[in-house]
Amino acid sequence: MSSVHAATNIGSGTVSGSGGLATNIVWNDTFPGTATGTINGLVVKAKIQPTLNMTISGSGLIDLGTLSAAGYSSGTVNIEIGTNAKDGASVTAKSTNGGLMNDADPAIFINSLAADGAADSYKFNSSIVAGTDSTIGGFTQAATLNAEVSDNTTNHVLYTSNKPQALTGVDDFSFTVSAQPNAQTAAGNYSDVVTVTVTGNF
């Protein structure tokens with residue numbers, strides 16, 4: 001003579017605060033035996049706060065010294081970017097004055113325009129100065145700007161990267177400002193204020 005046993009619900013499995021996550025605890029109706037219940041859908045969540053850092057070398061002054069029509073005078077700063085932005089970061093530079101402006105006469109500029117009667121040259125350049133400090137596969141970076149600067153609206157792209165990168169104290173790229181005046185450009189002191197902007201693509 002044989003006995004037939006049917007599984008028996010002996011309890012329930014629930015998640016406090018979520019009525020949709022519940023299950024029966026089922027015993028196989030034997031001794032020794034087992035009882036089991038499965039809740040499928042316990043969600044694990046976490047967040048990483050975004051980070052974005054830019055370090056520019058120097059004191060905040062790029063001094064081109066005494067300019068000469070015979071050639072370019074240049075000054076350079078180095079810049080490092082550190083970020084956990086998924087799609088990397090970009091850095092732009094914008095001239096506030098649209099060139100080097102004469103401190104005594106705001107109608108006189110050192111730039112490629114000839115509105116003041118003398119076409120000069122005022123340039124922004126950038127270049128990579130170190131190997132990658134990112135360990136993320138497929139990381140790329142570029143800094144290839146070579147542009148005449150003659151307005152105060154253009155955000156010139158100095159640098160781009162496509163994935164997260166570490167802030168290690170090793171500079172990523174250089175930013176160079178250069179000027180060459182026309183031989184007729186008025187004597188005097190000239191200045192510009194450059195806005196450097198970093199953008200993370202999270």
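Residues numbered from 1 in each chain as written. Predicted model: local features only at pLDDT ≥ 70, side-chain atom pairs only at ≥ 80, totals over all residues. Heavy atoms only, no water.

A few words on the side chain of Asn102. Of note, Asn102 is situated in strand S7 (residues 100-102). Separated by 2.8 Å, the side chain of Asn102 and the backbone nitrogen of Ala104 make a polar contact. (Helix = DSSP H or I, 4+ residues; strand = E, 2+ residues; numbered from the N terminus. Polar contact = N/O pair within 3.5 Å; in protein donor to acceptor, adjacent residues only side chain to side chain.)

Taken together, the 7 bridges between strand S1 (residues 8-15) and strand S2 (residues 18-27) define a ladder with antiparallel strand orientation. Paired with Thr8 across the bridge in S2 is Trp27. Where S1 hands over to S2, the hairpin turn is made up of 2 residues, of which Gly17 adopts a positive phi near 85 degrees. As paired strands, S2 and strand S3 (residues 35-36) are joined by 2 bridges and run antiparallel to one another. In the strand pairing of S3, Val26 is matched with Thr36. (Pairing = 2+ DSSP bridges.)

Another aspect to go through is the nonpolar core. Core analysis: the largest hydrophobic core is formed by 24 residues, its most contacted members being Phe124, Leu158, Tyr159, Phe173 and Phe175. Listing elements by their share of this core, those giving two or more residues are strand S5 (73-83), strand S6 (89-95), strand S9 (121-128), strand S12 (156-161) and strand S13 (173-180). Per-element tally for this core: the top contributor is S13, with 4 residues. Setting aside chain neighbours within four positions, we find Phe175 in contact with Gly75, Thr76, Val77, Ile79, Ala93, Phe124, Asn125, Leu158, Val194 and Val196. (Core = buried A, V, L, I, M, F, W, Y, C linked by side-chain atoms within 4.5 Å. Buried < 20%, exposed > 50% of the residue type's maximum accessible area, 1.4 Å probe, protein only. Contact = heavy atoms within 4.5 Å.)

This part takes up the pattern of salt bridges. This structure, assessed with the given rule, holds 1 salt bridge. We note a salt bridge from Asp87 to Lys86, for which the minimum N-O separation is 3.0 Å. For Asp87, a relative accessible area of 38% gives the class partly exposed. Assessed through its relative accessible area of 54%, Lys86 is described here as exposed. (Salt bridge = Lys/Arg side-chain N within 4 Å of Asp/Glu carboxyl O.)

This brings us to the sheet that holds S7. Paired through their backbone hydrogen bonds, the strands of a sheet run either parallel or antiparallel. Pairing in this open sheet of 3 strands is antiparallel, and the strands run S8-S7-S14 from one edge to the other. This sheet does not close on itself; its edge strands, each paired only once, are strand S8 (109-110) and strand S14 (190-191). Sheet analysis places S7 next to S8, joined by 2 bridges and oriented antiparallel. Across the sheet, residue Met101 finds its bridge partner in S8, namely Phe109.

This paragraph deals with the pairing of S13. Counting buried positions along S13 yields 8 of 8 residues, so the element is predominantly enclosed. The alternating pattern of S13 places Phe173, Phe175, Val177 and Ala179 on one face and Ser174, Thr176, Ser178 and Gln180 on the opposite face, and all of these are buried. Direction of pairing for S5 relative to S13: antiparallel, over a ladder of 7 bridges. Across the sheet, the residue bridging to Val77 is Phe175, located in S13.

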